[in-house]
Amino acid sequence: MSDSARLAVRLTPGASLDRIDGWDVDVEGRPVLKVRVRARPVEGEANAALLKFLAKTLKVPKSAVALQRGGQSRLKMIHIEGLADAAVRARLTGL
């Protein structure tokens, strides 16, 4: 069975450049990755930019990264196929 991971993301659209701002915690103490994208939150553009940016950053195919929850919210749950949770966190830590 292939590995998969879930990643909580707090998205800020309309930034000057696509970037990761590091880790934060949600109200329940779970880790949340803070990400900024240039795309505006219009017709799913920011969500698409987030998925593309995460795939590139994690070095996985775009098809391996999917929005699981939070399409209209700043807080999103991303599903990543092909990487375990520990591998995802290791690739994102220190960026």
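Coordinates for the structure precede this section.
From a predicted model like this one, the values you see are computed outputs, not experimental measurements. (Residues numbered from 1 in each chain as written. Predicted model: local features only at pLDDT ≥ 70, side-chain atom pairs only at ≥ 80, totals over all residues. Heavy atoms only, no water.)

1. Digging into the side chain of T57
Here's step 1: Tracing the backbone shows T57 in helix α1 (residues 45–58).
Here's step 2: Note on T57: relative accessible area 18%, which makes it buried.
Here's step 3: In terms of polar contacts, T57 uses its side chain to reach the backbone carbonyl oxygen of F53, at 2.8 Å. (Helix = DSSP H or I, 4+ residues; strand = E, 2+ residues; numbered from the N terminus. Buried < 20%, exposed > 50% of the residue type's maximum accessible area, 1.4 Å probe, protein only. Polar contact = N/O pair within 3.5 Å; in protein donor to acceptor, adjacent residues only side chain to side chain.)

2. A short note on unusual backbone geometry
Most peptide bonds take the trans configuration, and most residues that are not glycine carry a negative phi.
Here's step 1: Phi angles above zero are rare outside glycine, and E43 is one such case at about 50 degrees.
Here's step 2: Secondary-structure assignment places E43 in the loop between β3 (31–36) and α1.
Here's step 3: Classification of E43 by relative accessible area gives exposed; the value is 78%.
Here's step 4: Its identity is not glycine, yet K59 carries a phi of approximately 60 degrees, on the positive side.
Here's step 5: Here K59 is to be found in the loop between α1 and β4 (65–69).
Here's step 6: The class for K59 is exposed, based on a relative accessible area of 70%.

3. Regarding the pattern of salt bridges
Here's step 1: By the definition in use, this model includes six salt bridges.
Here's step 2: Its salt-bridge partner being D21, residue R19 comes within 2.7 Å of it at the nearest N-O pair.
Here's step 3: What makes D21 partly exposed here is its relative accessible area of 31%.
Here's step 4: The partner of E28 in a salt bridge is R30, and the shortest N-O contact between them spans 2.8 Å.
Here's step 5: Look at R30 and you get partly exposed, because its relative accessible area is 46%.
Here's step 6: Three or more residues are tied together by salt bridges with common partners; here these are R19, D21 and R36. (Salt bridge = Lys/Arg side-chain N within 4 Å of Asp/Glu carboxyl O.)

4. Quick notes on the nonpolar core
Here's step 1: Of all hydrophobic cores here, the largest spans 25 residues; its most connected members are L7, V35 and I78.
Here's step 2: When contributions to this core are tallied by element, the ones reaching two or more residues are β1 (4–12), β3, α1, β5 (75–81) and α2 (85–92).
Here's step 3: With eight residues, the top contributor of residues to this core is α1. (Core = buried A, V, L, I, M, F, W, Y, C linked by side-chain atoms within 4.5 Å.)

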